[in-house]
Amino acid sequence: IDWRSVGVIYFIGAGPGDPELITVKGAKVLAQAQIIIYAGSLVNIDIVYELGRSDAVLHNSATMNLDEIIEVMKAADLEGKTVARLHTGDPSIYGAIQEQMDALTKLGISFEVIPGVSSVFAAAAAIPHELTLPGISQTVILTRLEGRTPVPDKEQLKSLAQHNCTMAIFLSINQIERVVEELAAGGYKSDTGVVVVERASWPDQRVIRGRLDNIVDLIKVSGITRQALILVGKVFSDDYQLSKLYDKNFSHGFRVSK
């Protein structure tokens, strides 16, 4: 990172919650930024306090609208200050950063995006389980159920479920009954494995394991209503084939079969 170029806005993926899951590059920027704008409703504040400058000016974007966020960035740019804009997980997924980047582009303000660890990968690690398995699924769909934010017709959960691959469903745990209905209508069998991970990588993380035919009851008993990812697919319930990668009878560019 060239700190001689002042006045740059950095969009940083803060990771799913665990302060140690922010990238090294993201942590370096955070330690140098004079202004930190963080998504207070989701980003672990410990990341800001542990890694950020003690004299940094903090702004909680949970209480701000787009215009207010851009004004802070604009003022910082005029003063030649570096801004760390912290988003939860990786900002490219449901991060609402495009509208911020477009606004900065119109203003001629430089910015850079530093990727982060998405909650989908933290959730897979928490289980722990692989999301793609030979002979079962080689595709992962990241999606959400329609809510206040509409979903295109061709991306309705029922339609996507017809692929019968692994699915990671964000921002939908409060509509778990409808999620199950859509998945079943799309073709998932009742005994398909479902894993719900609440607050992946946080100290109070919870993992609920079930099947399509009982996950609604399990979630109701758990009391989980937000900040949870729904993982569904045969990878969590069916037998799989061993990979060719480590098969002693399989040759590839780095190994001859035995």
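Residues numbered from 1 in each chain as written. Predicted model: local features only at pLDDT ≥ 70, side-chain atom pairs only at ≥ 80, totals over all residues. Heavy atoms only, no water.

Novice: Any chance you could break down the nonpolar core for me, citing the residues and the numbers?
Specialist: Counting 25 residues, the largest nonpolar core has Met167, Ile176 and Leu183 as its most contacted members. Going through the elements one at a time, α6 (157-161), β7 (166-170), α7 (176-186), β8 (193-198), α8 (215-222) and β10 (228-232) are the ones with two or more residues in this core. When near neighbours in sequence (up to four residues on either side) are disregarded, Ile176 contacts Ile215, Val216, Ile219 and Ile230. Val29, Leu30, Val43 and Ile114 belong to the second largest nonpolar core, which has 19 residues in total. (Core = buried A, V, L, I, M, F, W, Y, C linked by side-chain atoms within 4.5 Å. Buried < 20%, exposed > 50% of the residue type's maximum accessible area, 1.4 Å probe, protein only. Helix = DSSP H or I, 4+ residues; strand = E, 2+ residues; numbered from the N terminus. Contact = heavy atoms within 4.5 Å.)

Novice: Residue-level account of the packing of aromatic side chains, with values.
Specialist: For the structure shown, the criterion picks out two aromatic pairs. When the ring of Phe11 is compared with that of Phe111, the centres are 6.0 Å apart and the planes differ by 85°; the resulting orientation is edge-to-face. Pair noted here: Phe11 is in strand β1 (residues 9-13) and Phe111 is in strand β5 (residues 111-114), with a separation of 100 residues, a long-range link. Residue classification places Phe11 among the buried positions, given a relative accessible area of 0%. Summarising the aromatic geometry, the rings of Tyr94 and Phe170 are spaced 5.3 Å apart at their centres and angled 55° between planes, so their arrangement reads as tilted. Of this pair, Tyr94 sits in the loop between β4 (83-87) and α4 (98-107) while Phe170 sits in strand β7; the two residues are 76 residues apart in sequence, bridging distant segments of the chain. Look at Tyr94 and you get partly exposed, because its relative accessible area is 40%. (Phe/Tyr/Trp six-rings, centres within 6.5 Å; stacked < 30°, edge-to-face > 60°.)

Novice: Account for the side chain of Gln100, with residues named and values stated.
Specialist: Its place among the elements puts Gln100 in helix α4. Residue classification places Gln100 among the buried residues on the basis of a relative accessible area of 3%. Only 3.4 Å separates the side chain of Gln100 from the side chain of His87, close enough to count as a polar contact. Sequence-distant contacts of Gln100, that is, excluding residues within four places in its chain, are made with Phe11, Leu66, Ile69, Ile70, Met73, Arg85, His87 and Gly95. (Polar contact = N/O pair within 3.5 Å; in protein donor to acceptor, adjacent residues only side chain to side chain.)

Novice: Any chance you could break down the sheet that holds strand β6 (residues 140-144) for me, citing the residues and the numbers?
Specialist: Picture the strands of a sheet paired through backbone hydrogen bonds; they go either parallel or antiparallel. Strand order in the open sheet made by the five strands is β6-β7-β10-β8-β9, with mixed pairing throughout. Each edge of the open sheet carries a strand with a single partner, namely β6 and β9 (206-211). Sheet twist, expressed as the mean angle between neighbouring strand axes with direction ignored, is 20°. Where β7 lies against β10, three bridges are found, and the strand directions are antiparallel. Looking at β10, one finds that Ile169 is bridged to Ile230. Helix-sheet contacts for helix α5 (residues 119-126) involve β6, β7, β8, β9 and β10, and the interaxial angle to β10 is about 70°. Across the sheet, α8 touches β8 and β9, and the angle it forms with β9 is around 155°. (Pairing = 2+ DSSP bridges. Axes fitted to C-alpha atoms, helices over the stretch in contact; angles between N-to-C directions.)

Novice: Tell me about α4, and name the residues and values.
Specialist: Within α4, the full set of buried residues consists of Gln100, Met101 and Leu104. For α4, the angular spread of the buried residues around the axis is 95°, confining them to a single face. Set apart from the buried face of α4 by more than 90 degrees, the exposed residues are Thr105 and Lys106. Just past α4, the residue Gly108 takes up positive phi, approximately 75°. (Arc of directions from axis to C-beta.)

Novice: Go over the side chain of Ser172 with me, naming the residues and quoting the values.
Specialist: Looking at the element boundaries, Ser172 is found in the loop between β7 and α7. In terms of polar contacts, Ser172 uses its side chain to reach the backbone carbonyl oxygen of Phe170, at 2.6 Å. Once residues lying within four places of it in the same chain are set aside, the contact partners of Ser172 are Arg144, Leu145, Val179 and Ile230.

Novice: Give me the sheet that holds strand β2 (residues 35-38): which residues, what numbers.
Specialist: Within the open sheet, the five strands sit side by side as β3-β2-β4-β1-β5. Their pairing is parallel. Taken across any chain shown, the strands that pair with only one partner, and hence form the sheet edges, are β3 (57-60) and β5. The average angle at which neighbouring strand axes cross in this sheet is 20°, direction not considered. With four bridges joining them, β2 and β4 adopt parallel strand pairing. Within the sheet, the bridge partner assigned to Ile36 lies in β4 and is Ala84. Sheet strands touched by helix α3 (residues 66-78): β1, β2, β3 and β4. Its angle to β2, the strand with the most contacts, is close to 165°.

Novice: Now, about the pattern of salt bridges: what can you tell me, with residues and values included?
Specialist: Applying the stated criterion across every chain, the model contains seven salt bridges. Where Arg53 meets Asp55, a salt bridge forms, and the shortest distance between an N and an O atom there is 2.8 Å. Owing to a relative accessible area of 28%, Arg53 belongs among the partly exposed residues under this scheme. Judged by relative accessible area, Asp55 falls into the exposed class, the value being 51%. Arg211 is paired through a salt bridge with Asp213; the nearest N and O atoms lie 2.8 Å apart. Since its relative accessible area comes to 38%, Arg211 is described here as partly exposed. Residue classification places Asp213 among the partly exposed residues on the basis of a relative accessible area of 39%. (Salt bridge = Lys/Arg side-chain N within 4 Å of Asp/Glu carboxyl O.)

Any link to function would need more than the numbers given here.
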